[in-house]
Amino acid sequence: MRPVIPYVTAALLFGLGVYGVLRRRNAVLVLMSVELMLNAVNLILVTADTTARAVLPHSGQVFALFVIVLAAAEIGVGLAIVLQLYRLRATVAVDDVPLSEAAHPVGGREPTVHHTEAGR
């Protein structure tokens, strides 16, 4: 088997994933781009395992399984974060996510202080 075709395909998939992560504003599309990059890595691992005989047989396939498990966990946590972001901000745009809590409190307004008669 000629390993050039899978390596070039994996490089194109990885480049497309990097472009999606850097260019997209929707958080769901960013997660899909990360998945595309992880699948490109899986393709490289399996291709390298079949073409180069290593000391440990099938080690590339085992690493590919670990990457698949990691991708499943990443999607579970990532989608939970995106759903919580949508509940709080009513948008999944990455540009609207505040990077510091002090600059943009939850709800977009300053917290109000309620005074009671006993507290004065």
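For the structure, see preceding data.
About the criteria used
- Residues numbered from 1 in each chain as written.
- Predicted model: local features only at pLDDT ≥ 70, side-chain atom pairs only at ≥ 80, totals over all residues.
- Heavy atoms only, no water.
- Helix = DSSP H or I, 4+ residues; strand = E, 2+ residues; numbered from the N terminus.
- Buried < 20%, exposed > 50% of the residue type's maximum accessible area, 1.4 Å probe, protein only.
- Expected span 1.5 Å × (residues − 1).
- Contact = heavy atoms within 4.5 Å.
- Lys, Arg positive; Asp, Glu negative; His and termini not counted.
- Salt bridge = Lys/Arg side-chain N within 4 Å of Asp/Glu carboxyl O.

A look at the environment of Ala93
The topology assignment puts Ala93 in the segment after helix H3 (59–89). Take Ala93: its relative accessible area is 21%, and that puts it in the partly exposed class. In sequence terms Ala93 and Val28 are 65 residues apart; their C-alpha atoms lie 8.9 Å from each other.

Structural notes on the side chain of Asp49
Locating Asp49 in the fold gives a position in helix H2 (residues 27–51). The class of Asp49 is buried, set by a relative accessible area of 7%.

Some words on H3
Its 31 residues place the ends of H3 44 Å apart at the C-alpha level, agreeing with the 45 Å of an ideal helix rising 1.5 Å per residue. For H3, the complete set of buried residues consists of Gly60, Ala64, Val67, Ala71, Gly78, Val82 and Leu85. Where H3 is buried, its residues contact H2. Count one or two residues on from H3 and you reach Ala90, which has phi positive near 60 degrees.

Some thoughts on the side chain of Glu35
Relative to the helices and strands, Glu35 is located in helix H2. Despite its burial, Glu35 pairs with no opposite charge; the closest candidate is Arg24, at 16 Å N-O. Each residue touching Glu35, except ones within four places of it in the same chain, is listed here: Ala71, Glu74 and Ile75.

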